[in-house]
Amino acid sequence: MGQVKFAVRCAGCKGQAIALMRPFGVRGTYREATAEMVAVRITCLSCGNTQESATGVPFELWYKADVRGQLLWFNNEEHGQALLEYIEGSRERPEFPVSTWVEVLPRWMLSSKNRIVVAEKVRELLDG
Ligand SMILES: [Zn+2]
């Protein structure tokens, strides 16, 4: 498994930064063995600010938006793309590890009346 990177907001300039994620601690269940992820290094793409911590740097996700009073978010571009494909129905059976979060997608996001607006918002976020 490759390194997991999240798109986050720089604590300094508020630009987009990349967080290198690591599992921290292990939960007892099989499904969520790596559920606890922490950012061990955050590097800003704009100002070059770097923060490191073995136990995790606090972070705010870059890709998040309000959709009809609900919080839409995704970790990175790949996650957003997969989410979009899933919502639009072109991804029938998500592959692991995508399935781990598709299973827990909130019902509001998948309801037929919200699908289109959610898909639009995901695109908007991805396009920046
Ligand atoms: Zn910055």
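For the structure itself, look to the data block above.
The sections below set out a description of the structure shown in this document. Remember, predicted model here, so these are calculated numbers, not experimental data.

## Details of helix α1 (residues 77–87)
When we look at burial in α1, the residues that qualify are Ala82, Leu83, Leu84 and Tyr86. Downstream of α1 by a residue or two, Gly89 has a phi angle that is positive, lying close to 85°.

## Examining the sheet that holds strand β4 (residues 50–57)
Pairing is antiparallel across the open sheet formed by 4 strands, whose spatial order is β1-β2-β3-β4. Pairing within the sheet leaves two strands with one partner each, and these edge strands are β1 (4–9) and β4. Each neighbouring strand pair of the sheet contributes to a mean axis angle of 25°, computed without reference to strand direction. Where strand β3 (residues 37–44) lies against β4, 4 bridges are found, and the strand directions are antiparallel. When the bridges of β4 are listed, Ile42 appears paired with Gln51.

## Let's talk about the nonpolar core
In this structure, Phe6, Val8, Ala17, Ala19, Ala39 and Leu83 are the most contacted members of the largest nonpolar core, which totals 20 residues. Every element with two or more residues in this core is listed here: β1, β2 (16–23), β3, β6 (70–74), α1 and α4 (112–127). By residue number, the principal contributor to this core is α1, which donates 4 residues.

Calculation notes
Residues numbered from 1 in each chain as written. Predicted model: local features only at pLDDT ≥ 70, side-chain atom pairs only at ≥ 80, totals over all residues. Buried ≥ 20, exposed ≤ 12 C-beta atoms within 10 Å, placed from the backbone. Helix = DSSP H or I, 4+ residues; strand = E, 2+ residues; numbered from the N terminus. Pairing = 2+ DSSP bridges. Axes fitted to C-alpha atoms, helices over the stretch in contact; angles between N-to-C directions. Core = buried A, V, L, I, M, F, W, Y, C linked by C-beta atoms within 7 Å.

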